[in-house]
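# Secondary and tertiary structure notes
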Amino acid sequence: GAVVSQHPSRVICKSGTSVKIECRSLDFQATTMFWYRQFPKQSLMLMATSNEGSKATYEQGVEKDKFLINHASLTLSTLTVTSAHPEDSSFYICSARNLADPIDEQFFGPGTRLTVL
Amino acid sequence: AQSVTQLGSHVSVSEGALVLLRCNYSSSVPPYLFWYVQYPNQGLQLLLKYTSAATLVKGINGFEAEFKKSETSFHLTKPSAHMSDAAEYFCAVSRYSSASKIIFGSGTRLSIRP
């Protein structure tokens, strides 16, 4: 149980285009999802917290108009990188929280590697 | 504010040797502390977590960590390293639980020598 998937696992795009990354909780309902980015050989940095049915809460320094987050259902959150540039190339990881789970833990997806040419 | 500091970006040990990965934390409130492991091109897997119960926490794959408030430390240990332990390890801290905002350390890459 508690499996989180991401799609795609890898994506290469041209500068100026938009890319959508999906995060799905496969066997539980995720009331909250988190989006992180990880640069090579660095730690994970929280970008935003996404609650189902409401606007995402962005961390300081993260452009909400560039990184659009939608959490339209209890099993799906999407991150859209708009007008991507090479500096947006990174490893994007989502995690999901099951409020009904007494363990109250974040379960992480396998990540999406974005390369912007 | 909360933060964690991992001492040593890279640790190399021989197979069968003791593994010790160091982590010190800073928190103005009683912290929740975690260790995560990340294999190449994969997400994070929770190894263990401290939630103010027992100070010695046992996790998966033979790892354990001890919470020492006086030293503000939460070092990760394993008595005997295995080749499959080679990975990136992250120490992390949270204010409330593992389902709230988590602050990650910079990570320690563990290499295992045959």
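Preceding this section is the structure that the text describes.
As a starting point, this report considers the structure included with it. (Residues numbered from 1 in each chain as written. Chains lettered and ligands numbered in written order. Predicted model: local features only at pLDDT ≥ 70, side-chain atom pairs only at ≥ 80, totals over all residues. Heavy atoms only, no water.)

## Details of the state of the cysteines
- Scanning the model with the defined rule gives two disulfides over all chains in all.
- The disulfide partner of Cys23(B) is Cys91(B), and the gap between their sulfur atoms is 1.9 Å. Its S-S torsion of about -65 degrees marks the bond between Cys23(B) and Cys91(B) as left-handed, since a negative value means left-handed. Within this pair, whereas Cys23(B) is found in strand β3 (residues 19–26), its partner Cys91(B) is found in strand β9 (residues 87–94), the two being separated by 68 residues in sequence. Judged on exposure class, the residue Cys23(B) and its partner Cys91(B) are both buried.
- In this structure Cys13(A) is not part of a disulfide, and its nearest cysteine sulfur, from Cys94(A), lies 18 Å away. (Disulfide = S-S within 2.5 Å. Helix = DSSP H or I, 4+ residues; strand = E, 2+ residues; numbered from the N terminus. Buried < 20%, exposed > 50% of the residue type's maximum accessible area, 1.4 Å probe, protein only.)

## Quick word on the sheet that holds strand β7 (residues 64–68) of chain B
Residue and element names in this part refer to chain B.
- Spatial strand order, β1-β3-β8-β7-β6: five strands in an open sheet with antiparallel pairing. Two strands in the sheet have a free side with no partner beyond their single neighbour: β1 (3–7) and β6 (56–58). On average, each strand axis in the sheet is inclined to that of its neighbour by 20 degrees, with strand direction left out of account.
- Here β1 runs beside β3; their pairing, made up of five bridges, is antiparallel. The residue bridging Ser3 from the neighbouring strand is Ser26, located in β3. (Pairing = 2+ DSSP bridges. Axes fitted to C-alpha atoms, helices over the stretch in contact; angles between N-to-C directions.)

## Looking at the pairing of strand β5 (residues 44–51) of chain A
Residue and element names in this part refer to chain A.
- Taken across its eight residues, β5 has six buried, putting it largely inside the fold.
- Hairpin connection of strand β4 (residues 32–38) to β5: five residues between the antiparallel strands, including Lys41 at a positive phi of 60 degrees.
- Sheet topology note: the β5/strand β6 (residues 57–58) ladder contains two bridges and is antiparallel. Across the sheet, residue Thr49 finds its bridge partner in β6, namely Thr57.
- Linking two consecutive strands that pair antiparallel, namely β5 and β6, is a turn of five residues; a positive phi of about 85 degrees is found at Gly53 within it.

## Structural notes on the nonpolar core
- Residues Trp35(B), Leu48(B), Phe74(B), Leu76(B) and Tyr89(B) are the most contacted members of the largest nonpolar core, which totals 26 residues.
- Residue assignment for this core shows that the elements contributing at least two residues are β2 (10–14), β3, β4 (32–38), β5 (44–50), β7, β8 (73–78), β9 and β11 (108–113) of chain B.
- Tyr89(B) has contacts with Gln6(B), Leu21(B), Trp35(B), Tyr36(B), Val37(B), Leu47(B), Phe63(B), Leu76(B), Gly107(B), Thr108(B) and Leu110(B), leaving out every residue within four places of it along the chain.
- Counting 24 residues, the second largest nonpolar core, distinct from the first, contains Phe28(A), Met33(A), Phe107(A) and Leu114(A). (Core = buried A, V, L, I, M, F, W, Y, C linked by side-chain atoms within 4.5 Å. Contact = heavy atoms within 4.5 Å.)

## Topic: the interface of chain B and chain A
- Tallying the contact residues gives 18 residues for chain B and 20 residues for chain A.
- Counting every contact that joins chain B to chain A gives one salt bridge.
- Where chain B meets chain A, there are four residue pairs in polar contact (both at pLDDT 80 or more).
- With three residues, the top contributor of residues to the side of chain B that touches chain A is β5(B). (Salt bridge = Lys/Arg side-chain N within 4 Å of Asp/Glu carboxyl O. Polar contact = N/O pair within 3.5 Å; in protein donor to acceptor, adjacent residues only side chain to side chain.)

## So, the pattern of salt bridges
All names here are of chain A.
- Using the criterion set out here, one finds five salt bridges over all chains in the structure.
- Among the salt bridges present, the one from Glu22 reaches Arg24, with a minimum N-O distance of 3.5 Å.
- For Arg24, a relative accessible area of 34% translates into the label partly exposed.

## Considerations on unusual backbone geometry
Residues and elements named next belong to chain A.
- Here the amide bond leading from His7 into Pro8 is cis, since omega sits at 0 degrees, within 30 degrees of zero.
- Here Pro8 lies in the loop between β1 (4–7) and β2 (10–13).
- The backbone of Ser83 shows a phi angle near 45 degrees, a positive value even though the residue is not glycine.
- Mapped onto the elements, Ser83 comes out in the loop between β8 (76–81) and β9 (90–97).

## Brief notes about the layout of surface pockets
- In this structure, the largest pocket encloses a volume near 480 Å³.
- In terms of lining, the largest pocket is formed by 21 residues, of which the most central are Gln38(A), Lys41(A), Gln38(B), Glu88(B) and Arg109(B).
- Those elements that provide at least two residues to the lining of the largest pocket are β9 and β11 of chain B.
- When the residues that make up the lining of the largest pocket are grouped by side-chain class, the tally is nine nonpolar, eight polar and four charged. (1 Å grid on protein atoms, 1.4 Å probe; cavity = no way out; pocket = protein on both sides within 12 Å on 5 of 7 lines; lining within 4 Å. Points joined across faces, edges and corners; volume = space filled by probe spheres on them. Nonpolar A, V, L, I, M, F, W, Y, C, P; charged D, E, K, R; others polar.)

Worth remembering: the numbers are spatial, not functional.
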